[in-house]
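Geometric and topological summary
Next come the chains, spelled out residue by residue.
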Amino acid sequence: MSASATPSYVFRYFNTPGLGETIRLLLTIANVDWVEENPEWPQEKPNQPFGRLPVLVEKSNDGSSDFVLSESGTIERYIARKYNIIPSNPKEASRQEQLRDQMADIIVASNGVKSGNEEAKAKFNELSAKIKEVITKSLKDNGNNGHFTGDKLTYIDILIYSCFKGLIGFSKTYTPEYVEVFNGMITPEIAKLISTVNAEPKFQERLAKDKEYFPFLA
Amino acid sequence: MFPSEKPSYIFKYFAVPGIGEATRLLLTAAKVNWVEENPEWPQEKPNQPFGRLPVLIEKGTGDGPDFVICESAAIERYVARKYGLMPSEPKEASRQEQLREQIFDIVNISYAAAKGAEGFKARFDELLAKLKEVLAMELKNNGSNGHFTGDKLTYIDIIIYSFFKFFIFNLKAYAPEYVDVVVGLATPDVVKLILAVKADPCLQSRVANDDQYFPFLA
């Protein structure tokens, strides 16, 4: 076996979409060697740099030490930048990053909804309404071609897909009454983006069963 | 008057340190022209791209349109990268970004923890303990020189400084029982970093009166 020029990766997370799905898809589209580990939890907690998951380990092939990264957003940006999945134009990259942070706020708020926290519920309702509006407008402004930026798959397409998948998956288990809420956020433009990501050739194996989350998929 | 080569900025936030403080310091360290606006709230909510603050407006030079960014982390990274305050080495930049996210996870959890929400308090305690450990280790590994990376002011130094400044101030209002715990995170190396940021020549216009925010400097 010849030595690979690119590093290989170990991705540690729970066996669920959650906050890890974007990273899985980024690693897949980056065409790198990677494996997933689902550590025994909470036994493996002390062995993680911040006691949490996800964690990404970049294994070098030149004998230097592994590079270990935590925090889902940071991991996403590291891979997306390294493998040119996020636009290199700083303004366009920031547009995508800000949307990611908004989506992450929604995921955090949805956890609060699960705990029955009224304030979290109100925040969640407000954020989700706003983001539905913002994403739909951006997609329309980009020509409603199934992409957020330009005419090919970039970081934020993957992020939007994964977040909806994670939110719907989470709801099905913990807050079934919210499944319809999330479905209601999927405007025709967002559905087109989801279908486009799902149709990406490199994702065929990974996303084959996603009709479970997105009934509208062909 | 010649048109300015560097863009100028409008930073919109509330008139408190808060999560906007880091951006104020980054803009100051960047030596750009910037002004702050404190919008009437909630009257100005509908006029913000995501209905929230902070918002940064980069006024275009020449005829270019303004560039508007939201989300405190995205704003910080945009300014830090553009003006050379973020390490250019991608791994080192990611190391700094992950710590920022850890710090803000703590801030976000503090509200629920303060209200005694189930599970949040334990998580909050855990994250605080972990942050103390990580800060102490990283600063020691960098030679206890008052900086997180290398020997000059970078992004995460400003983040750490801002965190202690606004978080202790805020906790006094909604979770005073936690002030001592957070003050306890300021180990000698952390204090050294805070003093180094406070003494940085390019920040003097902003930090001159900051002693009041750091009980451990008394």
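Bear in mind that the values here come from a model prediction, so they are computed numbers and not experimental data.

Calculation criteria
Residues numbered from 1 in each chain as written. Chains lettered and ligands numbered in written order. Predicted model: local features only at pLDDT ≥ 70, side-chain atom pairs only at ≥ 80, totals over all residues. Heavy atoms only, no water. UniProt positions renumbered as here; feature names shortened; annotations may be inferred. Helix = DSSP H or I, 4+ residues; strand = E, 2+ residues; numbered from the N terminus. Pairing = 2+ DSSP bridges. Axes fitted to C-alpha atoms, helices over the stretch in contact; angles between N-to-C directions. Phe/Tyr/Trp six-rings, centres within 6.5 Å; stacked < 30°, edge-to-face > 60°. Buried < 20%, exposed > 50% of the residue type's maximum accessible area, 1.4 Å probe, protein only. Lys NZ or Arg CZ within 6 Å of the ring centre and 35° of its normal. Expected span 1.5 Å × (residues − 1). Right-handed = clockwise from strand over helix to strand, strands pointing away. Contact = heavy atoms within 4.5 Å. Buried area = accessible area lost by both parts, 1.4 Å probe. Salt bridge = Lys/Arg side-chain N within 4 Å of Asp/Glu carboxyl O. Polar contact = N/O pair within 3.5 Å; in protein donor to acceptor, adjacent residues only side chain to side chain. Nonpolar A, V, L, I, M, F, W, Y, C, P; charged D, E, K, R; others polar.

Here we come to the UniProt feature "domain: GST C-terminal" (unreviewed entry) in chain B. In this numbering, the UniProt entry assigns the feature "domain: GST C-terminal" (unreviewed entry) to residues 89-216 of chain B. Spanning residues 89-216 of chain B, this segment combines 69% helix with 0% strand, and its end C-alpha atoms are found 33 Å apart.

Residue and element names in this part refer to chain B. Read across the open sheet, the four strands follow the order 2-1-3-4; overall the sheet is mixed. If you trace the sheet from one side to the other, it starts and ends with strand 2 (34-37) and strand 4 (67-70), each paired once. Going across the sheet, the axis of each strand differs from the next one's by a mean of 20 degrees, ignoring polarity. Where strand 3 (residues 55-59) lies against strand 4, four bridges are found, and the strand directions are antiparallel. Across the sheet, Glu-58 pairs through a bridge with Phe-67, a residue of strand 4.

A few words now on the packing of aromatic side chains. Centre-to-centre distance and the angle between the planes together describe a pair of aromatic rings. Applying the stated rule across the entire model yields 29 aromatic pairs over all chains. Centre to centre, the rings of B:Phe124 and B:Tyr178 are 4.6 Å apart; their planes meet at 75 degrees, and the pair counts as edge-to-face. With B:Phe124 in helix 4 (residues 120-141) and B:Tyr178 in the loop between helix 5 (155-174) and helix 6 (179-183), the pair connects residues that are 54 residues apart, well separated along the chain. Each member of the pair, B:Phe124 together with B:Tyr178, is buried. Aromatic pair B:Phe163 and B:Phe167: ring centres 5.0 Å apart, planes at 25 degrees, arrangement stacked. Placement of both B:Phe163 and B:Phe167 in helix 5 is noted, with a separation of four residues, approximately one turn of the helix. As far as the burial class goes, B:Phe163 and B:Phe167 line up, both buried. Here the aromatic residues B:Phe104, B:Phe124, B:Tyr161, B:Phe163, B:Phe164, B:Phe166, B:Phe167, B:Tyr178, B:Phe214 and B:Phe216 are joined through ring pairs into a cluster of three or more. A:Lys172 extends its terminal NZ or CZ atom over the ring of A:Tyr213, reaching a point 5.9 Å from the ring centre.

Moving on, we come to helix 5 of chain B. For helix 5 of chain B, built from 20 residues, the straight-helix expectation of 28 Å at 1.5 Å per residue is met to within 8% by its first-to-last C-alpha distance of 28 Å. Burial analysis of helix 5 of chain B places 16 of its 20 residues in the buried class, the great majority of the element.

Turning to the pairing of strand 1 (residues 8-12) of chain A, a few remarks are in order. All names here are of chain A. Most of strand 1 is tucked away, with four of its five residues classed as buried. Where strand 1 lies against strand 3 (residues 55-59), five bridges are found, and the strand directions are antiparallel. Residue pairing across strands places Val-10 opposite Val-57, the latter belonging to strand 3. Bridge count for strand 1 against strand 2 (residues 34-37) is four bridges, and the pairing is parallel. Its bridge partner being in strand 2, Arg-12 is matched across the sheet by Glu-37. Handedness of the crossover joining strand 1 and strand 2 through helix 1 (residues 21-29) is recorded here as right-handed.

Many descriptions give the size of an interface as the accessible area lost when the pieces come together. The partner chain A presents 34 residues to the 34 residues of chain B that form the contact. Summing the contributions of chain B and of chain A, the shared interface buries around 3100 Å²; its carbon and sulfur component is 47%. Of all residues in chain B, the largest losses of buried area upon contact with chain A belong to B:Phe50, B:Lys91 and B:Gln98, amounting jointly to 21% of the total for that side. Run the count over chain B and chain A and you get 13 salt bridges. Of the charged contacts in the structure, one is a salt bridge between B:Lys91 and A:Glu58, with a shortest N-O distance of 2.9 Å. Seen at the junction of chain B and chain A, the total is 22 residue pairs in polar contact (both at pLDDT 80 or more). Within the residue set of the side of chain B that touches chain A, elements represented by two or more residues are strand 4, helix 2 (72-82), helix 3 (90-114) and helix 4 of chain B. Among the residues making up the side of chain B that touches chain A, the classes are represented as 13 nonpolar, five polar and 16 charged.

Once that is clear, we can look at the UniProt feature "domain: GST C-terminal" (unreviewed entry) in chain A. Within this structure's numbering, the places UniProt gives as "domain: GST C-terminal" (unreviewed entry) are residues 89-216 of chain A. Secondary structure within residues 89-216 of chain A divides into 72% helix and 0% strand; the distance between the first and last C-alpha atoms comes to 34 Å.

Our next topic: unusual backbone geometry. Each neighbour pair has its own omega, and for A:Leu53 with A:Pro54 the value is 5 degrees, a cis peptide bond. The peptide bond linking B:Trp41 to B:Pro42 adopts the cis configuration, its omega dihedral lying at 10 degrees. With respect to the element layout, B:Pro42 can be found in the loop between strand 2 and strand 3. For B:Glu71, which is not glycine, the phi dihedral falls at a positive 75 degrees. Within the secondary structure layout, B:Glu71 lies in the loop between strand 4 and helix 2. Residue classification places B:Glu71 among the buried positions, given a relative accessible area of 12%. We note that B:Ser144 has phi near 50 degrees; this positive angle belongs to a residue other than glycine. Mapped onto the elements, B:Ser144 comes out in the loop between helix 4 and helix 5. A relative accessible area of 23% places B:Ser144 in the partly exposed class.

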